[in-house]
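Architecture at a glance
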Amino acid sequence: MKLTVATTPISGQKPGTSGLRKKTRIFMGRHYLENFIQALFDVVGAEGKTFVLGGDGRYFNDRAAQVILRMAAANGAAKVIVGQRALLSTPAASHLIRLNKTDGGIIMSASHNPGGPDEDFGVKFNMPNGGPAPESVTEAMFARTGTVSEYHIFESTDVDLSTQGQQRLGDMIVEVVDPVADYADLLETLFDFDAIRALFRGGFRMRMDSMCAITGPYAVEILEKRLGAAPGTVVNATPLPDFGGMHPDPNPTWASDLMEEMMGDNAPDFGAASDGDGDRNMVVGRGIYVSPSDSLAVLAANAHLARGYRSGLKGVARSMPTSGAVDRVAKSLGIEAFETPTGWKFFGNLLDAGRVTLCGEESFGTGSDHVREKDGLWAVLLWLNILAVRKESVADILAAHFARFGRNYYSRHDFEALDSTRADQMFATLREKLKTLSGQSFAGLSVTNADDFAYHDPVDGSLSQRQGVRVIFGEGTRAVFRLSGTGTEGATLRLYLESYAPGPGGLNDDPQSALADVIKAAHEIADIQGFTGRTSPDVIT
Ligand code: VG1
Ligand code: CO
């Protein structure tokens, strides 16, 4: 039976960089999830439409799926394609939306944020192209959450999501599908699985840390079953509601077990990790960490070695705070390089228009035009394909890359759980100062230019302003300041630091020492200590 329930608008349902993220208990609160989902359907329309639904398996994923299905049915949707047990990685959801030409999809995830009753939950909507909803759509949803006065929900028992096949919920079809198969088939078309199989057969060892999050089943199927990597290659392979108490963020701090293993005496040849919803990746060679910005550049320079990219790249794009390493590769390839605001949604138009093939962000995100999301396992497989063809170690490939293109020393410093008012004041002051910064010196570095990044989308002409404050100290050296749009506690300052050295640089040079002056200058310019009381970051990547 279809019910219409009266509700009052709930404030604060503003989708950020990547959907709506809140503490799980807030989502579980009275009418909270329902309000947002009704606002979502009111904006995109549900009548007669088909959607994809799945999530990263975190706490409340299973319950939220039942609510969303019942609301989809009551709002008149024709069909929802759901991953078995309501599981889907973000890139797999993107693929299913495209493969089945649906009207979009709902992904339940707070990505790399921890999960559990006292941690985070999230909901994001992806468009019919498979990519995250653009700002215009998320803004409309936000506006709607403030006026929605009733929601529609179908009254029924739970849909059985444990077995594949079709069922009915009222007039709506629920199709439960294998979350892995179609996605694994897609990757098989892009990479030379025979060459990678031969690599593993030759004794190549790898460790893939799925961090008790969604990529476990995908990685076991692809790496161990289809590519013949040794059983046990994938660790933390079972998705758990609380990610086993881990913070499923693939960086050297949170994936410290993997880092230890890769830096140890008996390290495997290659290591990788992915995040809660499977769209991020970290790659590590034996004894060598690959920064995400460098990874993007190496992938761009070598992508032609993989079957799906043999005819070359149309162009590349990176988010503004990502290092300029990939720009240097684009220049040598004679292809366009785009600089977009933070968040994968800004790559969508460029990918749809066929202007770029590869995209990446400094936040451990890389992907291509095969889907419209960043894709952790895709990046791992492209690395494996390159390693299989070049038959060199990660360290050798990186050294050769730096020798050819120079090295962009890079780091991101995160200052978390700051007082939001103070953080806003710091940015207001910084923005006021911008015009006067040019020509001034800080820590011996002279500012050549400073601005607040604004992006004109070259495809649809839309303008996105206030996307991060950039302070440039001459060619290739800069500090970027941004406030996170994905946190759920106070404000997070992200300070991005970069300095270019034309020579090969030492492979093991510590970026923190190479960037010491830029770090000092950034602290002086923004008076980070004065506004936040902090002298050092919580997380360094
Ligand atoms: C962070 C990253 C950004 C990324 C976003 C979503 O956003 O910096 O690059 O696109 O997370 O990633 P913010 O606003 O906190 O800096 V995830 O893996 O949600 O899907
Ligand atoms: Co993610």
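This text goes with the structure placed above it.
Notes on the structure follow. Since the model is a prediction, treat every value here as computed from it, not as a measurement. Every chain is numbered on its own, with residues counted from 1 as its sequence reads. Going through the entries in the order they are written, you letter the chains from A and number the ligands from 1. With pLDDT at 70 or above as the cut-off, local features in this predicted model cover only qualifying residues; side-chain atom pairs require 80 or more to be listed or tallied, and sums for whole chains, interfaces and linings still use all residues. Neither water nor hydrogens contribute to the side-chain values; these are computed over all heavy atoms in the structure.

1. So, helix α15 (residues 420–437)
Counting from the N terminus, the helices are the DSSP runs of H or I reaching at least four residues and the strands are the DSSP runs of E reaching at least two. Every helix has an expected span of 1.5 Å times one less than the residues it contains. In a regular helix each residue adds 1.5 Å, so 18 residues correspond to 26 Å; α15 covers 25 Å between its end C-alpha atoms and thus fits that length. For the exposure calls, accessible area comes from a 1.4 Å probe over protein chains only, and a residue counts as buried if that area is under 20% of its type's maximum, exposed if over 50%, partly exposed in between. Among all positions in α15, only A423, M426, F427, L430, L434 and L437 are buried. Counting of polar contacts relies on pairs of N or O atoms within 3.5 Å, with two restrictions inside protein: one atom must be capable of donating a hydrogen and the other of accepting it, and residues adjacent in sequence are counted only when both atoms are side-chain atoms. Its side-chain oxygen 3.3 Å from the backbone nitrogen of T421, D419 forms the N-cap of α15. One or two residues past the end of α15 sits G439, with phi positive at roughly 90°.

2. Comments concerning the pattern of salt bridges
Salt bridges are counted wherever a side-chain nitrogen of Lys or Arg sits within 4 Å of a carboxyl oxygen of Asp or Glu. Using the criterion set out here, one finds 32 salt bridges in the structure. We note a salt bridge from D327 to R318, for which the minimum N-O separation is 2.8 Å. Two residues, E362 and R412, come together in a salt bridge whose shortest N-O distance is 3.2 Å. Taken together, the residues span a long stretch of sequence, with E362 in the loop between β17 (358–361) and β18 (365–368) and R412 in strand β19 (residues 407–418) at a distance of 50 residues. The burial state of E362 is the same as that of R412; both residues are buried. Among the charged side chains, a salt-bridge network with shared partners connects R318, D327, E339, D451, R470, R478 and E498.

3. Considerations on the environment of T102
Within the fold, T102 resides in the loop between α4 (90–99) and β5 (105–108). Accessibility expressed as a relative area gives 3% for T102, which makes it buried. With 41 residues separating them along the chain, T102 and N61 place their C-alpha atoms 21 Å apart. The contact criterion used throughout is that any non-hydrogen atoms of two residues lie within 4.5 Å. When sequence neighbours within four positions are dropped, the list of residues in contact with T102 reads T50, F51, V52, I81, L96, I97 and P128.

4. A closer look at the coordination of the cobalt ion (ligand 2)
Within the protein, S111 (OG), D275 (OD), D277 (OD) and D279 (OD) serve as the donor atoms for the cobalt ion (ligand 2), at 1.9 to 2.1 Å. Water is absent from the atoms considered, so a metal site may look incomplete; donors are defined as N, O and S atoms within 2.8 Å of the metal, or 3.2 Å for Na, K and Ca. Written as a sequence motif, the donor residues of the cobalt ion (ligand 2) are S-x163-D-x1-D-x1-D. Here the residue S111 occupies a position in the loop between β5 and β6 (120–126), and D275 occupies one in the loop between β12 (270–274) and β13 (281–285), the gap between them amounting to 164 residues. On the basis of relative accessible area, S111 is assigned to the buried category, the value being 3%.

5. Observations regarding the pairing of β18
By the alternation rule, side chains of β18 split into G365 and G367 and T366 and S368, which are all buried. As defined by bridge partners, β17 adjoins β18 across 4 bridges and the pair is classed as antiparallel. From the neighbouring strand, C359 faces β18, where its bridge partner is G367. The criterion for strand pairing is that DSSP finds at least two bridges linking the strands in question. Hairpin geometry of β17 and β18 is characterised by an intervening segment of 3 residues between the two adjacent antiparallel strands and by a positive phi of about 65° at F364.

6. Comments concerning the side chain of K23
Topologically, K23 is positioned in strand β2 (residues 20–23). Here D120 takes part through its side chain, which lies 3.0 Å from a polar atom of the side chain of K23. Apart from the residues lying within four places of it in its own chain, the contact partners of K23 are D118, E119, D120, F121, T488 and E489.

7. Thoughts on the pairing of β5
Residues in a regular strand project their side chains so that they alternate between the two faces of the sheet. Side-chain alternation along β5 places G105 and I107 on one buried face and I106 and M108 on a second face that is also buried. When strand β3 (residues 50–55) meets β5, the two strands line up parallel, connected through 4 bridges. The partner of V52 across the bridge, within β5, is G105. Pairing of β5 with β6 involves 4 bridges; the strand directions are antiparallel. From the neighbouring strand, I107 faces β6, where its bridge partner is K124.

8. As for the nonpolar core
For soluble globular proteins, nonpolar side chains are generally found buried alongside one another. As used here, the term nonpolar core means buried Ala, Val, Leu, Ile, Met, Phe, Trp, Tyr and Cys residues forming a set that is joined through side-chain atoms within 4.5 Å. Counting 70 residues, the largest nonpolar core has F191, M206, L223, F270, W378, W383 and L384 as the members making the most contacts within it. Among the elements that make up this core, the one with the highest residue count is helix α13 (residues 376–390) (11 residues). Viewed by domain, this core spans two of them, domain 1 (2–178) and domain 2 (183–405), each represented by three or more residues. Once you skip the residues sitting within four places of it in the chain, F270 turns out to touch F204, R205, M206, R207, M262, V283, V284, V380, W383, L384, L387 and V394. An automatic or database domain assignment supplies the start and end points of every domain.

9. Structural notes on the packing of helix α10 (residues 292–302) against α13
At their nearest, the axes of α10 and α13 sit 11 Å apart, and the two run at 55° to each other. It follows that α10 is oblique to α13 by the angle criterion. Here α10 runs over α13; the crossing is left-handed. In this structure, α10 contributes S295, V298, L299 and N302 to the contact, and α13 contributes W378, A379, L382, W383, I386 and R390. Throughout this entry, Asp, Glu, Lys and Arg are counted as charged residues, while Ala, Val, Leu, Ile, Met, Phe, Trp, Tyr, Cys and Pro are counted as nonpolar. The remaining residues, Gly among them, count as polar. Broken down by class, the residue content of the contact of α10 with α13 amounts to 7 nonpolar, 2 polar and 1 charged. Between the N-to-C directions of two axes lies an angle of 0 to 180 degrees, each axis being a line fitted to C-alpha atoms and, for a helix, fitted only over the stretch in contact. Our angle categories are set so that under 35 degrees counts as roughly parallel, over 145 as roughly antiparallel, 65 to 115 as roughly perpendicular, and the remainder as oblique. Here is the rule for handedness: rotate from the far helix to the near one, and if that takes an anticlockwise turn smaller than a right angle the crossing is left-handed, while a clockwise turn gives right-handed.

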